[in-house]
Amino acid sequence: MIEVAVQNLVFGILLGALYGLAAVGIALVFGVTKFLNVAHGELLMFGGYASFWLFSLFDLDPFLSLPLVIGFLLLIGVVLYQLLFVRMVKLSEEDKIKNTMLIGFGLTLVLQNIALLLWTADDRGVTTSYSGQAFTILGVRFPYVRVAGLVISLICLISLQFFLRRTYTGKAIRATVEDWEAASLVGIDVKKVYLLSFLLGTALAGVAGTLVMVSFSVEPAMGMHWTLKSLIVMVLGGVGNFVGTFVGGILLGVTESATAFFIPGGGNYRQVVGLVLFLLILIFKPQGLFGKKER
Amino acid sequence: MYIWENRMLKVENVNAYYGDLQALWGVSLHVDEGELVVLVGPNGAGKTTTLKVITGLLNFASGGVSFNGRDLDRMPAHKIVELGICLVPEGGRAFSGMSVLENLELGAFVSDARKVKDQTIQWVYEIFPRLAERKDQLAGTLSGGERQMLAIGRALMSKPKLLLLDEPSFGLAPILVQQMFNMIETINRQGVTVLLVEQNVRAALELAQRAYVIENGRMVGEGKGDDLLSFESIRSAYLG
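Counting restarts for each chain: residues are numbered from 1 in the order of the written sequence. Numbering of ligands from 1 and lettering of chains from A proceed in the order in which they are written. Local features in this predicted model are restricted to residues whose pLDDT is 70 or higher, and side-chain atom pairs enter the listing and the counts only when it is 80 or higher, whereas totals over whole chains, interfaces and linings include all residues. Side-chain measures were taken over the full set of non-hydrogen atoms in the model, leaving aside hydrogen atoms and water.

Caption draft 1: Structural detail: the packing of aromatic side chains. All names here are of chain A. For Phe, Tyr and Trp, where Trp contributes only its six-membered ring, two rings pair if their centres lie within 6.5 Å, and the inter-plane angle classes them as stacked under 30 degrees, edge-to-face over 60, or tilted in between. Applying the stated criterion across every chain yields a total of 14 aromatic pairs over all chains. Arranged with centres 6.1 Å apart and planes meeting at 75°, the rings of Phe-35 and Tyr-194 form a pair that is edge-to-face. Linking Phe-35 in the loop between α1 (2-33) and α2 (40-58) with Tyr-194 in helix α8 (residues 190-215), this pair joins segments that are 159 residues apart in sequence. A centroid spacing of 5.8 Å and a plane angle of 40° characterise the contact between Phe-135 and Tyr-144, whose relative ring orientation is tilted. Any residue under 20% of the maximum accessible area for its type is buried, any over 50% is exposed, and the rest in between are partly exposed; the area is computed with a 1.4 Å probe on protein chains only. Given the relative accessible area of 30%, Phe-135 is considered partly exposed. You can call Tyr-144 partly exposed: its relative accessible area is 37%. To qualify as a helix, a DSSP run of H or I must reach at least 4 residues; to qualify as a strand, a run of E must reach at least 2; elements of each kind are numbered from the N terminus.

Structure representation (structure tokens):
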């Protein structure tokens, strides 16, 4: 019994890391630009399909293809930004959120249908030599692919933190998150920071998509599910604290698997639990678990 | 009267709007190199708007703004900082989630300033020794006066030729206000040209070499600081 519980906890953490990674991407973009890109899940899906194609057409291992997938997503990111999002930069914060949501919903439809055309509605996944293999500690299974997902997510998070804390460009991003006007007054090109953050967000979606594809599978309608999880996690962790966001992802993963474990037939309620958590946080701690109160 | 050579900032006949609302009506002013000029006026007169126009935060509808002969029309804010104009906005707006040192480093963001960052930081610490003591503290935990010092220090890090200050004495205890004005005078003596916006009219006029008075978006007076102090309209309006 205890083993099953621990196993559940482990799977919750491993899944939560992917939620966290997806959410850090959306939270980074939102924190800096106030663009609420609800097509983030579709970008993630495209990352998954990209690595699926690289595997099935060129036999390229999904983990090795990550740099190519990132490059592909950066390309999509630049096109979407320059074509659509750049026009939103000058709007007020409220209008930015509203308009980018509408753009995002439009993109959702377009990207989903492109995926349907290119890859049909079937679930797509890959089987590598190490798929399904696991190591076992004290009776608890750790599938290689999922553990690699956690490790890569952590590497992304730590690199992002290092970039934001130690480099001039990263500090410029943090300054823009705090006060874009004051940032422009010290000579930071805020528009450049916006583009850079948007691209970082898309790149992270690509990495997350690849990890989702190797751990599970991808299909054209998956995007909304991942956007929703990311938004829940972003609100849970609090905007502007990416470690908090990531921890929020793990919390959501663990909560979901605990529901499946403790409530009879709870597997059916996994989705509901996330949304209930979302509402509770909005009601009782709207700044998020790790967020700062508005001054 | 000296002619153009050392005329640093020129604002000519500027009209500016917030949406449909006209905030500046034909505003003109100039600042010469080395000067300490004060812009005074009541709340909502257009003082901050004038600074926003100069620093590129607000585009003006007509008129002209130039700095050392360069036209600033439509120039984005970060380019204007590169030219050597730096604004300390009202309340300072230090980045509260970052340390004092990080704030100062960000002040030297533009490439020319970044090269001499280490020397400039020593200079800033000489002017504001308190910042050196607090360098690892988060800006959000500083007192109001310290935060204002940090904001000015951050602006100095960009090695500005012209420093714009928007009500640096606002919200400070009376004892700190005089200290703040002394520091501004020191900065000006060390070669930084200053345009100071103040509601603390008497102290500002005593400090200034020249002053402008703005009301309802229009310039209504200009003169030497001491002269303005004795102006009847100023006395009755601001000094009680």
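Next comes the rest of the description.
Caption draft 2: Local environment of the pairing of strand β3 (residues 36-40) of chain B. Residue and element names in this part refer to chain B. Burial runs high along β3: five of the five residues are buried. DSSP-based pairing: two strands are paired if at least 2 bridges between them are found. By the bridge criterion, four bridges tie β3 to strand β9 (residues 210-215) in an arrangement that is parallel. Bridged to Val-40 within β9 is Val-213.

Caption draft 3: Spotlight on the interface of chain A and chain B. With 18 residues of chain A in contact, the opposing surface of chain B contributes 24 residues. For chain A, the biggest contributors to the area lost against chain B are Tyr-168, Leu-185 and Val-186 of chain A; these three give 38% of the whole. Linking Arg-93 of chain B and Asp-179 of chain A is a salt bridge whose minimum nitrogen-to-oxygen distance equals 2.6 Å. Counted as a polar contact is a pair of N or O atoms within 3.5 Å, where, for protein atoms, one must be capable of donating a hydrogen and the other of accepting one, and residues adjacent in sequence contribute only when both atoms are in side chains. In this structure, the connection of chain A to chain B is made through nine residue pairs in polar contact (both at pLDDT 80 or more). No other element matches helix α6 (residues 168-178) of chain A, which puts six residues into the side of chain A that touches chain B. Throughout, a residue-residue contact means that at least one pair of heavy atoms, one from each residue, lies within 4.5 Å. Buried area is calculated as the accessible area (1.4 Å probe) missing from two parts once they are joined, with the contributions of both summed. Criterion for a salt bridge: a side-chain nitrogen of Lys or Arg within 4 Å of a carboxyl oxygen of Asp or Glu.

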